[in-house]
Amino acid sequence: MMRALLHVVATAMLIAISSSAFAQGAAIEIEKAWSRATPAGASTGAIYLTINNKSHDADRLIGASSDVADKVQIHEMKVVGGTMEMREVTDGLAVAAGSSIVLKPGGYHIMLIGLKKPLKADDAVPLLLNFERAGKVSVTVPVQAMGTGHDDMHGMSHDDMHGMGHMDMKK
Ligand SMILES: [Cu+2]
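Keep in mind that this is a model prediction, so the values were computed, not measured.

A.B. asks: Summarise the overall build of the protein; cite the residues concerned and give the values.
C.D. replies: Each helix and strand counted, the protein has two helices and 11 strands in total. Contacts in the protein between residues at least 24 apart in sequence constitute 71% of all its contacts with a sequence separation of at least 6.

A.B. asks: Break down the nonpolar core for me, citing the residues and quoting the values.
C.D. replies: If you look at soluble globular proteins, the nonpolar side chains tend to sit buried side by side. Counting residues in hydrophobic clusters, the biggest one holds 26 residues, and the most contacted among them are Ile-47, Ile-110, Leu-112, Val-125 and Leu-127. Listing elements by their share of this core, those giving two or more residues are β2 (44-53), β3 (59-65), β4 (69-80), β8 (108-115), β9 (124-131) and β10 (135-144). For this core, the element with the most residues is β2, which contributes five residues. With residues up to four places along the chain from it excluded, the contact list for Ile-47 reads Ala-33, Ser-35, His-109, Ile-110, Leu-112, Val-125, Leu-127 and Val-141.

A.B. asks: Tell me about unusual backbone geometry, and please be specific about residues and values.
C.D. replies: Positive phi, normally seen in glycine, also occurs at Lys-32, with a value near 55°. Residue placement: Lys-32 occurs in strand β1 (residues 28-36). The phi dihedral of Asp-122 falls on the positive side, at around 75°, and the residue is not glycine. Following the sequence through the fold, Asp-122 ends up in the loop between β8 and β9.

A.B. asks: Run through the pairing of β4, naming residues and quoting values.
C.D. replies: As judged from the seven bridges shared by β4 and β8, these two strands associate in the antiparallel manner. By the bridge assignment, Ala-69 is partnered in β8 with Leu-115. With six bridges joining them, β4 and strand β5 (residues 83-88) adopt antiparallel strand pairing. The residue bridging Glu-76 from the neighbouring strand is Arg-87, located in β5. The antiparallel hairpin formed by β4 and β5 contains two residues in its connecting segment, where Gly-81 sits at a positive phi of about 55°.

A.B. asks: Go over the environment of Asp-59, please, and point to the residues and values.
C.D. replies: One can find Asp-59 in strand β3. Its 22 C-beta neighbours within 10 Å are what place Asp-59 among the buried residues. When the C-alpha positions of Asp-59 and Ala-27 are compared, they lie 9.3 Å apart, and in sequence the two are 32 residues distant. Residue contacts for Asp-59: discarding those within four places in its chain leaves Ile-28, Asn-53, Val-95, Phe-131, Glu-132, Arg-133 and Ala-134.

A.B. asks: Help me get a handle on the confidence of the model for the protein, residues and values and all.
C.D. replies: For the protein, mean pLDDT is 83; residues scoring 70 or higher make up 71% of the total. Below pLDDT 50 for its whole length, residues 162-168 participates in nine contacts with residues either more than four positions away or in separate chains.

A.B. asks: Break down the environment of Ile-28 for me, with residues and values.
C.D. replies: Counting through the fold element by element, Ile-28 comes out in strand β1. C-beta crowding within 10 Å serves as the criterion here: with 19 such atoms nearby, Ile-28 is assigned to the partly exposed category. Separated by 26 residues in the primary sequence, Ile-28 and Lys-54 place their C-alpha atoms 5.9 Å from one another. Sequence-distant contacts of Ile-28, that is, excluding residues within four places in its chain, are made with Ile-51, Asn-53, Asp-59, Phe-131, Ala-134 and Val-137.

A.B. asks: Which residues make up the pairing of β1, and what values go with them?
C.D. replies: Pairing of β1 with β2 involves six bridges; the strand directions are antiparallel. Within β2, the position partnered with Ile-28 by the bridge is Asn-53. For β1 and β10, the ladder comprises two bridges, and the chain directions are parallel. The residue of β10 that forms the bridge with Arg-36 is Gln-144.

Criteria and thresholds
- Residues numbered from 1 in each chain as written.
- Predicted model: local features only at pLDDT ≥ 70, side-chain atom pairs only at ≥ 80, totals over all residues.
- Helix = DSSP H or I, 4+ residues; strand = E, 2+ residues; numbered from the N terminus.
- Contact = placed C-beta atoms within 7 Å.
- Core = buried A, V, L, I, M, F, W, Y, C linked by C-beta atoms within 7 Å.
- Buried ≥ 20, exposed ≤ 12 C-beta atoms within 10 Å, placed from the backbone.
- Pairing = 2+ DSSP bridges.
- pLDDT = per-residue confidence, 0-100.

Written as C-alpha cells, this is what we have:
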C-alpha cells in the first residue's frame, strides 16, 4: 500500500519535472554574450556569445534581429592566404545535440549592420536569435568599453576590419 502510494507520488513528480522543462523550452542556453562600444559614426557592431544546445536534437541558428540595427547577420571571420576575410554565413550555424559553439573575435560573430546609434559602454542590446528547432531565443547583450582586452585582431575594432582596404567581403 505504502509502496503503491510512493510510486504514484514519484510518477507525479516525474511528470511535473518533465512538463516544466518542456514549458520553459530550455533546449538552447546562451551565455557570455557581449559586444563592444563603437566609435561615433560607426555603422556596424559585433556581438559574441556562446550557444549551448542542451537538447537531444541538433539545432541551427538561422537568423537574428535587434532593435538597434537595420540588419543582423551571422558572420564568419577567418584568415585565408594571409588576408582576413569576412563573410555572411547564409546556411546557418549548426549546433549539435548536447554541444556548444563559441562566437568570438576572429571567428563567428553576430554582425549588427546599420546601427541606429553608437553602442555605448554599459548599454544593454536586445538581441533575438532564431533557431530552426528551438525558435526565438531572446538575449540581453552587455556592451563593454572599447579596448578592454577583448579586441579583435590586436586592437583593431570590428569596424576597422570592415573598412580595411585589402579585406575581401565574400558574399
Ligand atoms: Cu562581421
